Amino acid sequence: MNLIKAIPLIASGFVFGFANQGLAQTAMAKPAQKIEAATLDHEFGFSAGSVVVAPIPFNNPLIGAGLAIGAGYLFQADEDSNTSVLGLGALHSDNGTTAYGLSGSLAWDHNTWQLSATIAEADLNYDLYVLGLPVPLNQKGILFSGELLYGVTPDLSFGGKLRYLDTTISSGNSSALPISVSPDADLETVNLSFLARWDTRENTLYPVQGHILDFELMAGEVLNSASTRQYGKAVLNFSAYRQVHEKTVVAARATTCAASTDSPFFDLCSLGGTDAFRGFSSMQYLGPRSLSAQIEVRQNLSERFRAVAFAGAGMTGHEFTSLNAGGVHVAGGLGMRFKLSKKFDADFSIDFSHNDEGENLTYIYVGQRF
């Protein structure tokens, strides 16, 4: 998780889930994630919403442990639309990372329109793995991201996304930057994406049936480069959910990613950054190509408590035909969930993972991993 992967942890993430996406993926959560509300009074409209104010502790293998503080307003525009969220927040971690921002996600006209936007600023400290060794980096930046989706059917949506990022990167220990990072030390980038989403989930906070397929095709350009530097990226995420028992749900995710070789390192495909994989730092395994699969069993223990068991395997490399050259990376673990609200099905989550390299990592966040 770097600056792109960080900023979404702040504004909407403090309410319903820290997700991984560079400047945006290390500090906030995905504002575009849909949130299904089971409103108790069946009232709709902006005035029938709820205010949520909360300090949320978190733990992330990239930026460490800390506290996110945020405030959000949640409402449902109409009976068939997802819950809209307006939020602001800030976070600080024990490695000196700080970030703050504003985020909003709106859905209206029976989910025909879905609009989300985030603006945030972050000062991040994290390790980038170069030739298998951690290299401490500091990354500062400002991010704006906005997307608009139009539903051609209740389940199928198409749209676009705009992202602007102004970021600087320096060595965290005053030494020279690695040669692979130097071209990305001072970047101003703009990205345009085509989005497609096929979503049949009956509930987006804790789905028990259905699936969601998300596809993003991105074109990016570096604005402050003396020579033209353009790059592209495509990501396909497919998640499926099935209730196998009254209290048991099985969730699975498959992800594939392809990026240009001249992409900034924080926009490369990442095990943990692209797919929300648990078990490795999101800056440990990067490459122009990635492929991963995950499965999770979710068990209701009581009205407010749940337990999960998860496992996954993934690969990164330069070409799909040679992904196994770098080895298959495997991790799994156990987790606990505590339902935060009687009105909204959002969980406070703690996951303990163990990977095939003998490392143990702890994740603390709000929401489900996928």
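Conventions adopted
Residues numbered from 1 in each chain as written. Predicted model: local features only at pLDDT ≥ 70, side-chain atom pairs only at ≥ 80, totals over all residues. Heavy atoms only, no water. Core = buried A, V, L, I, M, F, W, Y, C linked by side-chain atoms within 4.5 Å. Buried < 20%, exposed > 50% of the residue type's maximum accessible area, 1.4 Å probe, protein only. Helix = DSSP H or I, 4+ residues; strand = E, 2+ residues; numbered from the N terminus. Contact = heavy atoms within 4.5 Å. Pairing = 2+ DSSP bridges.

Undergrad: Can you help me understand the nonpolar core in this one?
TA: Taken as a class, soluble globular proteins show a tendency for nonpolar side chains to be buried jointly. Counting 28 residues, the largest nonpolar core has Y126, L137 and F265 as its most contacted members. For this core, the elements supplying multiple residues, two or more each, are β5 (113-130), β6 (133-151), β7 (156-171), β9 (210-222), β10 (230-245) and β11 (248-259). Looking at this core, the element that brings in the most residues is β5, giving 4 residues. Apart from residues lying up to four places away in sequence, F265 is in contact with Y126, L128, L137, I169, V181, D184, M283 and L286. In this structure, L271, F280, Y285 and A331 belong to the second largest nonpolar core, which totals 5 residues.

Undergrad: Sorry, what's going on with the pairing of strand β4 (residues 98-108) here?
TA: Note: strand β3 (residues 83-93) against β4, 8 bridges, orientation antiparallel. Counted as the bridge partner of L86 is G104 from β4. Where β3 folds back onto β4 in an antiparallel hairpin, the turn is made up of 4 residues, including G96, whose phi is positive at roughly 95 degrees. By the bridge criterion, 11 bridges tie β4 to β5 in an arrangement that is antiparallel. Residue pairing in the sheet places T98 in a bridge with D123 of β5. A loop of 4 residues connects β4 with β5, the two strands running antiparallel in sequence, and D109 in this loop sits at a positive phi of about 55 degrees.

Undergrad: I tried to follow the pairing of β6 on my own but got confused; where do I start?
TA: Successive side chains on a regular strand alternate, one facing one side of the sheet and the next facing the other. In this structure, β5 lies alongside β6, joined through 18 bridges in antiparallel fashion. Looking at the pairing, S116 lines up with E147 of β6. Bridge analysis of β6 against β7 gives 15 bridges, and the strand direction is antiparallel. If you follow E147 over to β7, its bridge partner there is K161.

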